[in-house]
Amino acid sequence: MIFFKSPSLRRAVIIRARCLLLSRSCRNGTTAASGGAAKNSCKGIKVFRKAEWIACYDRREVDRSSQGGVMRAASAKCDVSHATTLLLAVIGISTSMQSASAACMFAAQGEGRVADVIDVRTLRLSDGNVIRLAGIEPLADSPKSTNELVALVSGRDVTLYGESDMPDRYGRQPAFVFVDPAAPSLQAQLLAQGAALASGTISDKTCAAELAAAEGSARRLKRGIWAQTNVIKNAESPGDILADVGRFRVVEGRVLSVRQAGTVTYVNFGRRWTEDFAVTVSRRMMAAFETAGITLKSLERRYIRVRGWIERRGGPRIEALGVRQIEVVGDN
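Right, let's walk through the structure included here.

### A closer look at the overall build of the chain
Right, so step 1: Broken down by element type, the chain carries eight helices and 19 strands.
Right, so step 2: Expressed as a percentage of its 332 residues, the buried residues of the chain come to 49%.
Right, so step 3: Partitioning the intrachain contacts of the chain with sequence separation of at least 6 by distance along the chain shows that 66% fall at a separation of at least 24.
Right, so step 4: Entry remark: accessible area of the chain is about 16100 Å², with carbon and sulfur atoms responsible for 51%.

Right, here's the structure in full:
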């Protein structure tokens with residue numbers, strides 16, 4: 001049986017349910033109390049099998065005595081009935097919690113304690129793993145934005161979710177990070193505080209919408225970075241954009257023309273292709289835009305907002321690697 005003696009325990013059960021419903025092997029499926037906080041119960045488990053409602057838990061207690069909660073599991077067996085019992089307990093806690101945080105809860109990737117905040121998008125856990133916050137980018141090296149992340153997570157236990165557990169080329173694990181499963185992701189909280197920019201590269205529509213809404217709220221209220229006047233660059237000022245080569249930026253302007261040259265489609269904001277700003281879309285991305293119902297040719301004479309990394313290829317360029325990097329903000 002499972003007993004709930006405090007609200008904090010509910011969080012422990014939710015986290016444990018999502019971690020333990022992972023694999024038939026039930027690797028690392030037990031936790032023991034240490035210093036009033038539960039240790040990582042699913043370290044090393046990286047694959048979430050939605051079709052396999054299998055859990056593993058033993059007679060040991062997960063004791064969160066410092067928060068007044070004790071969870072007891074009375075069986076050491078791994079079977080469907082135990083997993084179902086645990087899942088139903090989680091569902092019964094509060095259906096309203098799902099709407100608050102489920103938008104970016106993809107496959108469970110484990111949990112850990114934050115040991116260090118490297119920058120506004122990068123954490124180091126106590127086990128040495130470096131986590132890259134998926135879906136956001138910094139405006140620039142901003143100590144204030146980093147301090148906001150420190151205030152949210154320093155020394156806290158976090159749970160990781162992601163579309164993939166493959167590390168990036170720098171060895172960082174991209175993930176959506178949750179301190180409280182009943183609250184939005186860290187990414188959404190940072191965006192709402194104006195501490196970061198949405199990357200526009202998240203493919204999941206619901207998650208991307210949550211991130212965009214959080215950023216939009218901060219922009220309207222002029223929070224954080226949005227209190228500055230130069231966050232959004234003018235597409236008619238290519239020299240100003242070129243000053244930010246190698247940085248992630250947001251650019252707005254009216255599209256003059258859309259032309260294809262070889263395997264690349266150019267969304268042009270000026271007539272001088274060697275000097276003016278343009279967005280490039282490779283042929284491999286065209287299917288994604290078509291699936292999203294976006295015809296690039298229809299962008300002509302429309303006012304759009306585009307985000308991405310500034311490159312210099314003649315004039316300043318942004319390569320669209322995700323459909324949501326381009327946003328129409330004005331009609332013809």
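### Let's talk about the pairing of strand β5 (residues 107–119)
Right, so step 1: Judged from the six bridges that link them, β5 and strand β9 (residues 157–162) form a sheet pairing that is antiparallel. Within the sheet, the bridge partner assigned to arginine 113 lies in β9 and is aspartate 157.
Right, so step 2: In terms of strand pairing, β5 meets strand β6 (residues 122–125) through four bridges, oriented antiparallel. Residue valine 114 lies in a different strand from β6, and its bridge partner there is leucine 125.
Right, so step 3: Hairpin connection of β5 to β6: two residues between the antiparallel strands.

### Side note on unusual backbone geometry
Right, so step 1: The backbone of lysine 222 shows a phi angle near 55 degrees, a positive value even though the residue is not glycine.
Right, so step 2: Mapped onto the elements of the fold, lysine 222 is located in the loop between α6 (205–221) and β12 (232–234).
Right, so step 3: Take lysine 222: its relative accessible area is 59%, and that puts it in the exposed class.
Right, so step 4: Backbone geometry at arginine 301 places phi at a positive 70 degrees, although glycine is not the residue there.
Right, so step 5: Along the chain, arginine 301 turns up in the loop between α8 (283–291) and β17 (303–313).

### What about the sheet that holds strand β10 (residues 173–178)?
Right, so step 1: Pairing is mixed around the closed barrel formed by five strands, whose spatial order is β5-β6-β7-β10-β9. Across the sheet, the mean angle separating the axes of adjacent strands is 60 degrees when strand polarity is ignored.
Right, so step 2: In terms of strand pairing, β9 meets β10 through three bridges, oriented antiparallel. Counted as the bridge partner of tyrosine 161 is phenylalanine 176 from β10.

### Description of the nonpolar core
Right, so step 1: Leu123, Val153 and Phe176 are the most contacted members of the largest nonpolar core, which totals 37 residues.
Right, so step 2: Elements with a contribution of two residues or more to this core: β5, β6, β7 (130–133), α4 (143–153), β9, β10, α5 (186–192) and α6.
Right, so step 3: Among all residues touching phenylalanine 176, those that are not within four sequence positions of it are Cys104, Phe106, Ala134, Thr159, Leu160, Tyr161, Ser185, Gln187, Ile202, Cys207 and Leu211.
Right, so step 4: With 21 residues, the next largest nonpolar core counts Ala235, Val279, Met285 and Ala320 among its residues.

Cut-off values and rules
- Residues numbered from 1 in each chain as written.
- Predicted model: local features only at pLDDT ≥ 70, side-chain atom pairs only at ≥ 80, totals over all residues.
- Heavy atoms only, no water.
- Helix = DSSP H or I, 4+ residues; strand = E, 2+ residues; numbered from the N terminus.
- Buried < 20%, exposed > 50% of the residue type's maximum accessible area, 1.4 Å probe, protein only.
- Contact = heavy atoms within 4.5 Å.
- Areas by Shrake-Rupley, 256 points an atom, 1.4 Å probe, with all protein chains shown as cover.
- Pairing = 2+ DSSP bridges.
- Axes fitted to C-alpha atoms, helices over the stretch in contact; angles between N-to-C directions.
- Core = buried A, V, L, I, M, F, W, Y, C linked by side-chain atoms within 4.5 Å.

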